[in-house]
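# Observations on the three-dimensional arrangement
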Amino acid sequence: MALSLNQLIQLNSTLITEHGRTFSDSYSYGNTDIELASGNTRRFLKPPKLNFSFSWNYCPDKQSMTVDAKAGRDFLYTTAFTNDPILLSIQSDRNNEWKNYTCYLSDYSESLVRQELSTQTKYYNISMSLSEI
Amino acid sequence: MATFDSTFYNISFNASGQKFYFFTSTLIDAQVTSTSAVSINSLMLIERANASVASLSTVTATAALRESIGASVTVQASVISSLNVFSIGASISAGKFKTIISGFDIFRTGLVQDTAGIKQILAIDGVPVTEQTRKLDRNLKPLRTIATKWNGSRGVYYKPSNNKNSFVLQWTYIPGKRENAIDLFASRDYIKNIANNQNYHTLTIRNLDSNGLTKNTSNTYNVLVISYSETLLRRDLSNDEYYWSCSLTLDEV
């Protein structure tokens, strides 16, 4: 039975499961800081870019086996191995607004933790990092 | 004792001053008649509002403004000293949102006692930042060049300005909205906006006074954002709030 949850993220307009999901982000600053002879710092500005890190623990491969019936490992794996930019949408505001970021994949790793023969389902620990273009 | 009605909020103070928190989701009308000199520290309007501090006469106030959603809010304050009544309010022309008037310290003329409850230690760009799980680390970055000479001895060459401070601020389990922070001061949403702004900011750190009662002094530093990272810890869908751990590094200019 699928739980009713607010999804946090979409990849390429596909809702991604909340099943064991963690999320963190950070800014990447491309500024040039120069220390002057007086000791003061002069900064030449560039717009900051966001880096996103996700992980899923015990994520099923099939969408039908995730706790919220949203895209699981198979979709993440397929997305990670395309060479196209990835559209990341995050509902990080509480009022159901989605923020869109065009990103490229900076890291993807997974480890198989369980194979369930009765349901023909594999479970993975997945780590995925995206960087804003 | 504070009394509330649908139009404006009256606060009665005794001679030593009080601190009050108000929550409202209704329109409140403004009253402006200032008849005595009162200094208001850290008057804050939060949530989505465009506000201008209208003519306050002899009353001075600092309004910290958030993002606008098209509504306009006019902040006004009044003191009727003969009745020891202070009323503060805002008229909201459009939009539907909460207006929270957060804590403020009030110093009446001649008063020297600071009776504020929670005293914030940090303010960024003049806006106090929440004390909820706040950690502050300060490092000294010496402005010097060390050269090793041919004979093994070292020469240390100092730059004219003073050594610089580097500040690392960390919070755990802070809400996005300030109204859900324990002290109603700026929380994760404000901190992230600061991190997104590449211009220099001012960081104010409050000094401890001798007995905790006198008006505080503070040091202000011009700082640049060096790094910012956050982790989403919890989404509380029942009250529509996200909880984060955040880390912000600032270097003195």
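Definitions and cut-offs
Residues numbered from 1 in each chain as written. Chains lettered and ligands numbered in written order. Predicted model: local features only at pLDDT ≥ 70, side-chain atom pairs only at ≥ 80, totals over all residues. Heavy atoms only, no water. Helix = DSSP H or I, 4+ residues; strand = E, 2+ residues; numbered from the N terminus. Buried < 20%, exposed > 50% of the residue type's maximum accessible area, 1.4 Å probe, protein only. Contact = heavy atoms within 4.5 Å. Areas by Shrake-Rupley, 256 points an atom, 1.4 Å probe, with all protein chains shown as cover. Polar contact = N/O pair within 3.5 Å; in protein donor to acceptor, adjacent residues only side chain to side chain. pLDDT = per-residue confidence, 0-100. Buried area = accessible area lost by both parts, 1.4 Å probe. Salt bridge = Lys/Arg side-chain N within 4 Å of Asp/Glu carboxyl O. Pairing = 2+ DSSP bridges. Core = buried A, V, L, I, M, F, W, Y, C linked by side-chain atoms within 4.5 Å.

## A closer look at the overall build of chain B
Scanning chain B for helices and strands turns up one helix and 18 strands. Taking all 253 residues of chain B together, the buried fraction comes to 46%. Sequence-distant contacts, at least 24 apart, represent 60% of the contacts inside chain B between residues at least 6 apart. Accessible surface, chain B as shown: approximately 12,200 Å² in total, 51% of it carbon and sulfur.

## Quick word on the side chain of Ser166 of chain B
Here Ser166 of chain B is to be found in strand E15 (residues 164-175). At 2.7 Å, the side chain of Ser166 of chain B and the side chain of Asp251 of chain B are in polar contact.

## Some points on the confidence of the model for chain B
Within chain B, residue pLDDT values average 61, and 49% of them lie at 70 or more. In the predicted structure, residues 1-115 of chain B sits below a pLDDT of 50 and forms 251 contacts with residues beyond four places in sequence or in another chain.

## Observations concerning the interface of chain B and chain A
Accessible area lost upon the coming together of the parts serves often as the stated size of an interface. Taken together, the contact pairs 31 residues of chain B with 30 residues of chain A. The junction of chain B with chain A conceals about 2,500 Å² of combined surface from both sides, 46% of it contributed by carbon and sulfur atoms. Here chain B is connected to chain A by two salt bridges. In this structure, Lys192 of chain B and Asp25 of chain A form a salt bridge, with 3.0 Å as the shortest nitrogen-oxygen distance. At the surface where chain B touches chain A, the tally comes to eleven residue pairs in polar contact (both at pLDDT 80 or more). Looking at the side of chain B that touches chain A, the element that brings in the most residues is strand E17 (residues 218-236) of chain B, giving ten residues.

## Structural notes on unusual backbone geometry
Residues and elements named next belong to chain A. Even without a glycine there, the phi angle at Asn12 is positive, about 50 degrees. With respect to the helices, strands and loops of the structure, Asn12 is situated in the loop between strand E1 (9-11) and strand E2 (14-15). For Asn12, a relative accessible area of 36% gives the class partly exposed. Non-glycine residue Ser13 carries a positive phi angle of around 65 degrees. Within the element layout of this structure, Ser13 appears in the loop between E1 and E2.

## Focus on the side chain of Arg188 of chain B
Residue and element names in this part refer to chain B. The residue Arg188 is located in helix H1 (residues 188-196) in this model. At 3.0 Å, the side chain of Arg188 forms a polar contact with the side chain of Asp189. Beyond its immediate stretch of four places on either side in the chain, Arg188 contacts Ile174, Pro175, Gly176, Tyr228, Glu230, Trp244 and Cys246.

## Description of the pairing of E17 of chain B
Looking at chain direction, strand E3 (residues 21-28) of chain A and E17 of chain B are connected through four bridges and run antiparallel. Paired with Phe23 of chain A across the strands is Leu232 of chain B, a residue of E17 of chain B. For E17 of chain B and strand E18 (residues 241-252) of chain B, the ladder comprises twelve bridges, and the chain directions are antiparallel. What sits directly across from Ser227 of chain B, in E18 of chain B, is Thr249 of chain B.

## Overview of the nonpolar core
Counting residues in hydrophobic clusters, the biggest one holds 50 residues, and the most contacted among them are Phe52, Trp56 and Leu88 of chain A together with Leu248 of chain B. Beyond its immediate stretch of four places on either side in the chain, Leu248 of chain B contacts Ile124, Phe167, Val168, Leu169, Trp171, Ile191, Ala195, Val225, Ser227 and Tyr228 of chain B.

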